[in-house]
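Residue-level structure breakdown
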Amino acid sequence: MLGKFVLLYFLLVFVTNFGLAQEQDQSVDVTRRVDCYPEPGATEAACVARGCIYENEANQPSAPVGTPWCYYPTTSGFTKKSENGQNIVLEATTKNPYGDNISPLNVKYRSNGATLLVTIGNDDRYVPPIDIPQAPSTSTETLKFESGIIGFSGIFSFKVSRTNGVSLWDTSIGGMQFADKFIQIATYLPSKNIYGFGDHVHKKIKHNLERYTVWPMFARDIGPDSGSALSTQNLYGVHPFYMCIESDGKAHGVFILNSNAQEVETGPGPHLTYRTIGGRLDLAFFPGPTPEQVIQQYLLHIGKPFLPAYWALGYQLCRWGYTGLDEMKKVVARNQAAGIPLDVPIADIDYMNHYLDFTEGDAWSGFPAYVDQLHAQGLHLILIFDPAIEVDYGSFSRALTANASFISWPSDSLVPHAIQDQYPMAKNTRVMLGNVWPDRNTAFPDFLDPTNKTNLWWAQEFQTLRKVLAFDGMWIDMNEPSNFDTAGYSTKSSAKSRAARDPSVLASSKLACPIDGSDSTLEIPPYQTWAVYLHQGEYLFSKTLCMLGKTTGGQQNFFDTKNLYGWSEARATYRALPKTTGKRGAVISRSTFASSGRYGGHWLGDNTARWEDLQTSVIGIMEFNMFGLPYVGSDICGFNGASNEELCLRWHQFGAFSSFSRDHNSEGQPDQDPAVWPSVAQAARIALTFRYYYIPYLYSLHYSASRYGATVIRPLFFEFPKDGEALEISEQFLWGSALMIAPALYQGQTTVHAYFPADTWYSLQPETYGQRMLSGFNDVSAPLSSLTPVFVRGGYILPRQFPGTTTTASRLSPFEVLIAFKANTASAGDLYYDGGDDLLPNDDIEQHPRLHWQFSFTYSSFGAAFGGNCEGCSTSVKSPTLDTIEILGYPTQPSFDGIKLNGKSVNLDLTKSFYNSTSQQLILSSKGMIDLSANVKKFTLTFVNSA
Ligand SMILES: *[C@@H]1O[C@H](CO)[C@@H](O)[C@H](O)[C@H]1NC(C)=O
Ligand SMILES: *[C@@H]1O[C@H](CO)[C@@H](O)[C@H](O)[C@H]1NC(C)=O
Ligand SMILES: *[C@@H]1O[C@H](CO)[C@@H](O)[C@H](O)[C@H]1NC(C)=O
């Protein structure tokens, strides 16, 4: 009796004392809310009906921009039912506004090396089939998973933390949901220094966590809108990955493997809320602690980038709208005549016959002979291919014979026969027909087809075309996939429905998807994401195929796999390439997903010839390096709109430092190849000649990215994560650790206010060559008529080769090294060299025949030593000799007599060798000085200083 009484007493005290307080406790500060009504149209009644809290802060000027008025109580989520080792079972208790939460729900965690993996969701949920290698990572840091309970609520939360106690994730902010078509997880973040998530255009590389911002991720055919102050629209690809720099400068990364329409909302907590409408959550936490280590750990998880052919690092010239081969020839010739280094002319869809893949148009009859001519000059050709195949010609017919699969309607009753039956080959199929560039309806290959027959047919088509037209690389476009004018149709009115789907009524035979009734559940899920809400009147299927389409050989819904379309086409194309050309080449894809970098590179899409687009390109190339696609660049001079002389000039000065360096222009726009303006030709020649000089360094960086997982182009904070200023720099970047580029990006600009993190930096601009730069912000000269501001960092050694106007020619020049001296520090660097376009058997870069030299340089007051060690070098690779050593900042006059290579005297070429004690520049040169071939394996060159 007494016991019961005591219990009742406590309950009474609890209710009376906490009843009121609890209501207040439930209120969450405006900086740390999880939105409970993320779609438009929140009202108090609708909010409360969701079991959420409504507080309208419209009159609170201090509330951050985008503060949700309707938000989840922190005690929302799942309760923990059991925990057994690394398996936790949750039970749904609170409300999910978009369907019943799945219960029981499994949470599992495990380590893979230093990477911590957390899976939320049961085994029957869709997981993207991206054959993730998940190689174990290493780190000096350890991450710990701890499950907990939010307050006294019994609501489950978890933390991922370092041993120093910093939590990378802490989900006690509440709001976890897991219904079939609405999954959400929210977490506090350890700092506001957040980078990544894509594919978006960002005006600053660091996210703005002072406000709430929703970034949808759903592959979409839409150009970046760099003109707006803030454009959150989802672009061509999906990269649910971010990096965070903690307050002590340690970096970590988080990847969420999920291919459904999804979004992330960042907020001032700092916190983030991730929402997706299918699949499950496969989280990976990468401990760093340096930014480069985070990327390495991420790439071990999702796959390391492919190694482009050497020639693919050359300059590329393209436009849409060539009237025929003659025009292409004329443009290529005038740029060659202007001395512009050029490796790759590219043909856009103009070369095809009526935009049909694997065909050649009438105005291109001499194309095969021209390609032979280009090859004879040491150039290479890239052609564009679209995924959509018109359903009335040879390629489609061969696909059917090969039993290739296409994205299809799930049932016969949904097939719009009025369209379908016009095509004898499609008539008795369920193939979903759309409209892209070709004149008539098209089908979309199912590159996820598990039988591989689709990919075999695709490879066969390339091989058949290659027999007549000897292209060397593939550019794959429109692979979100894009479909023109996808419409919705109502099943409610059968007359209307018929009309909407009858091509005799419609102007064109457009694809229409059901927008009501039982067939519309995938087209209009309960929560449609901001990919839809950003565009009033749209649906998930707008600009693409119906979500109910069947993929993966009929096993999956397009609803789940759409974001993988570009990824799967890139994989199929990359695998087709060696079978087609017998050589290594390059694939460039518009739509990408995490791990696309294994199969190709990327250009930043259909930008516009505006200064803002040039500015955001710098951020774009750095972000795609973080996403594992280091072979990336923006369309130089701008794609849409008419470019102009100054913009095109500045864009070439910047674009010469993108890994993928291509001028590209839209149809109907005036020419913008560098030869159009003498000033642009001059600037492009200077910038590209510098690029060609240092391509051995760029190629070595790509090798490191492919072999170990690394960025090629990186933001300043990657090398200086403890420098608060570096965390904010969006308009400068590095090639590897050693070369910093500070391009001019504004109209009328003559100097760049460039930031130099505390270190040794030397100018490589001709006017100030070899001069040391002060740390901090400096105004550096950025002339139109000279080289872009570019600086080398002390402590590094860069390989280079005297440039020709093709990489084929440059590869014949002797090697040189540039050593940037740093006091009291040994300098280091490496050189990777191989056949340039030979295949990597089984994609195995470890086994690939190579010369990989590791260089070191040490200095004392008596003299200096430059040494090389050959790592894994192969006798089958022949290379030029290393003839020239240039040292910047060399402090003392050396004696030219006492130079020894492996103890033997070296006779310097005194017409080329010198030391300038004012500029501290030293050049040591001798023809054939150092043999880099594999039978040497090791060398040491020493010299003494003059007393
Ligand atoms: C395609 O399927 C048909 C019918 O199953 C079969 O006879 C034929 O051998 C298959 N062809 C290929 C290339 O797989
Ligand atoms: C499809 O191709 C991949 C890669 O070549 C291979 O691993 C897989 O076994 C193939 N699948 C089938 C069904 O042939
Ligand atoms: C040495 O360097 C200084 C500073 O760059 C320069 O002014 C001078 O002309 C150079 N001397 C020679 C002999 O090249």
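Because the structure is a prediction, the values reported are computed rather than measured.

**Some details on the overall build of the protein**
The helix and strand tally for the protein stands at 18 helices and 52 strands. For a compact globule of 947 residues, the expected C-alpha radius of gyration is about 30 Å, and the protein comes in at 30 Å, within 12% of that figure. Projected onto its principal axes, the C-alpha positions of the protein cover 105 × 80 × 50 Å. Within the protein, buried positions represent 63% of all 947 residues. Of the contacts made within the protein by residues no fewer than 6 positions apart, 71% connect residues no fewer than 24 positions apart. Working note: accessible area of the protein is about 32,900 Å², and carbon and sulfur atoms make up 52% of it. In the protein, 71 side chains carry a positive charge and 90 a negative one; their mean positions are 5 Å apart.

**A short note on the packing of aromatic side chains**
Given two aromatic rings, their pairing is described by the distance between the two centres and the angle made by the two planes. What the rule picks out here adds up to 65 aromatic pairs. Relative to F484, the ring of W437 lies with its centre 5.0 Å away and its plane at 80 degrees, an arrangement referred to as edge-to-face. Of this pair, W437 sits in the loop between helix 7 (417-420) and strand 23 (442-443) while F484 is found in the loop between strand 24 (473-476) and strand 25 (487-489), placing the two residues 47 residues apart along the sequence. A relative accessible area of 27% places W437 in the partly exposed class. Relative to Y599, the ring of W567 lies with its centre 6.1 Å away and its plane at 70 degrees, an arrangement referred to as edge-to-face. Placement of the pair is W567 in helix 12 (residues 565-581) and Y599 in the loop between strand 29 (587-589) and strand 30 (602-603), with a sequence separation of 32 residues. One exposure class covers both W567 and Y599, and it is buried. The rings of F358, F385, F396, F406, F447, W457, W458, F462, F471 and Y565 are connected pair by pair, giving a single aromatic cluster. Above the plane of the ring of Y37 lies R50, whose end atom (NZ or CZ) is 3.8 Å from the centre. R811 extends its terminal NZ or CZ atom over the ring of Y310, reaching a point 4.7 Å from the ring centre.

**Some remarks on the site of ligand 1**
Close to ligand 1 lie T401, N403 and K453. Measuring from an oxygen atom of ligand 1, one finds a side-chain N or O atom of N403 at 2.3 Å. Side-chain polar atom of K453 to an oxygen atom of ligand 1: 3.4 Å apart, as the coordinates give it. Contact with the protein chains hides 28% of the accessible area of ligand 1, taken as 360 Å² for the molecule alone.

**Digging into the nonpolar core**
If you look at the biggest cluster of nonpolar residues, it comprises 295 residues, and the most contacted ones within it are I120, F158, W169, F367, W735 and F866. Considering each element in turn, this core owes the most residues, nine residues, to helix 15 (residues 678-693). The contact partners of I120, leaving out residues within four places of it in the chain, are L105, N106, V107, F158, M176, F178, I185, R280, L281 and L283.

**Topic: the confidence of the model for the protein**
When pLDDT is averaged along the protein, the result is 94, and 95% of the positions lie at 70 or above. The model gives residues 1-24 a pLDDT under 50, and that stretch makes two contacts with residues more than four places away or in other chains. This stretch, residues 503-507, has a pLDDT under 50; its non-local contacts, to residues over four places away or in other chains, come to seven contacts.

**Some points on the environment of G361**
Tracing the chain through its elements places G361 in the loop between strand 20 (344-347) and helix 5 (367-376). With relative accessibility at 9%, the residue G361 sits in the buried group. Considered as a pair, G361 and G324 are 37 residues apart in the sequence and their alpha carbons are 8.3 Å apart. In contact with G361, other than residues within four places in its own chain, are Y351, M352 and N353.

**Quick word on the pattern of salt bridges**
For the structure shown, the criterion picks out 43 salt bridges. For the salt bridge of D671 with R319, the shortest nitrogen-to-oxygen distance reads 2.9 Å. Linking D671 in the loop between strand 33 (662-663) and helix 15 with R319 in strand 19 (residues 316-319), this pair joins segments that are 352 residues apart in sequence.

**A closer look at the pairing of strand 3 (residues 78-84)**
In this structure, strand 3 lies alongside strand 4 (residues 87-92), joined through six bridges in antiparallel fashion. Bridge pairing in strand 4 places F78 opposite A92. Where strand 3 folds back onto strand 4 in an antiparallel hairpin, the turn is made up of two residues, including G85, whose phi is positive at roughly 60 degrees.

**Here's the deal with the domain arrangement of the protein**
Here the protein is described as being made up of domain 1 (78-302), domain 2 (389-451 + 482-584) and domain 3 (695-944). Listed by partner, the interface residues are 28 residues for domain 1 and 26 residues for domain 2. Where domain 1 abuts domain 2, roughly 2,400 Å² becomes buried across the two surfaces, and 61% of that area is made up of carbon and sulfur atoms. The residue R571 makes a salt bridge to D131 at a minimum N-O spacing of 3.2 Å. Inspection of the domain 1/domain 2 interface yields 13 residue pairs in polar contact (both at pLDDT 80 or more). Considering each element in turn, the side of domain 1 that touches domain 2 owes the most residues, three residues, to strand 13 (residues 213-217).

**A short note on the sheet that holds strand 19**
If you trace the seven strands from one edge of the open sheet to the other, you get 29-24-21-20-19-33-32, paired in parallel fashion. Sheet topology places strand 29 and strand 32 (635-636) at the edges, where each strand pairs with a single neighbour. The pairing of strand 20 with strand 21 (residues 382-385) spans two bridges and is classified as parallel. Each residue of the ladder has a partner; that of A347, found in strand 21, is L383.

**Details of the packing of helix 14 (residues 645-655) against helix 15**
Put simply, helix 14 and helix 15 touch, their axes get as near as 8 Å, and they point 5 degrees apart. What the angle tells us is that helix 14 and helix 15 run roughly parallel. Contacts from E645, C648, L649, H652, Q653 and G655 in helix 14 reach S679, V680, A683, A684, A687 and R691 in helix 15. Residues of the contact of helix 14 with helix 15, tallied by class, amount to six nonpolar, four polar and two charged.

**Some details on the sheet that holds strand 39 (residues 772-773)**
Pairing within the open sheet is antiparallel, and its six strands lie in the order 34-35-36-41-38-39. Of all strands in the sheet, those bounded by a partner on one side alone are strand 34 (713-714) and strand 39.

**What about unusual backbone geometry?**
With an omega of 15 degrees, the peptide bond between G198 and D199 qualifies as cis. A cis geometry characterises the amide bond from G288 onward to P289, with omega recorded as 10 degrees. The backbone of K937 shows a phi angle near 70 degrees, a positive value even though the residue is not glycine. Position of K937 relative to the elements: it lies in the loop between strand 51 (921-930) and strand 52 (938-944). K937 sits in the partly exposed class, given a relative accessible area of 43%.

**Overview of the pairing of strand 46 (residues 863-870)**
Side-chain positions along a regular strand alternate between the two faces of the sheet. Where burial is concerned, most of strand 46 is hidden: six out of the eight residues are buried. Strand direction decides the pairing type here: strand 45 (residues 851-859) and strand 46, joined by seven bridges, are antiparallel. Paired with T858 across the two strands is A865, which belongs to strand 46. Relative to strand 52, strand 46 is paired through seven bridges, and the arrangement is antiparallel. In the sheet register, G863 faces strand 52, and the bridge partner there is V944.

The rules behind each value
Residues numbered from 1 in each chain as written. Chains lettered and ligands numbered in written order. Predicted model: local features only at pLDDT ≥ 70, side-chain atom pairs only at ≥ 80, totals over all residues. Heavy atoms only, no water. Helix = DSSP H or I, 4+ residues; strand = E, 2+ residues; numbered from the N terminus. Rg over C-alpha atoms; globule rule 2.2 N^0.38 Å. Buried < 20%, exposed > 50% of the residue type's maximum accessible area, 1.4 Å probe, protein only. Contact = heavy atoms within 4.5 Å. Areas by Shrake-Rupley, 256 points an atom, 1.4 Å probe, with all protein chains shown as cover. Lys, Arg positive; Asp, Glu negative; His and termini not counted. Charge placed at Lys NZ, Arg CZ, Asp CG, Glu CD. Phe/Tyr/Trp six-rings, centres within 6.5 Å; stacked < 30°, edge-to-face > 60°. Lys NZ or Arg CZ within 6 Å of the ring centre and 35° of its normal. Near = heavy atom within 4 Å. Polar contact = N/O pair within 3.5 Å; in protein donor to acceptor, adjacent residues only side chain to side chain. Core = buried A, V, L, I, M, F, W, Y, C linked by side-chain atoms within 4.5 Å. pLDDT = per-residue confidence, 0-100. Salt bridge = Lys/Arg side-chain N within 4 Å of Asp/Glu carboxyl O. Pairing = 2+ DSSP bridges. Domains from an automatic or database assignment. Buried area = accessible area lost by both parts, 1.4 Å probe. Axes fitted to C-alpha atoms, helices over the stretch in contact; angles between N-to-C directions. Parallel < 35°, antiparallel > 145°, perpendicular 65-115°, else oblique. Nonpolar A, V, L, I, M, F, W, Y, C, P; charged D, E, K, R; others polar.

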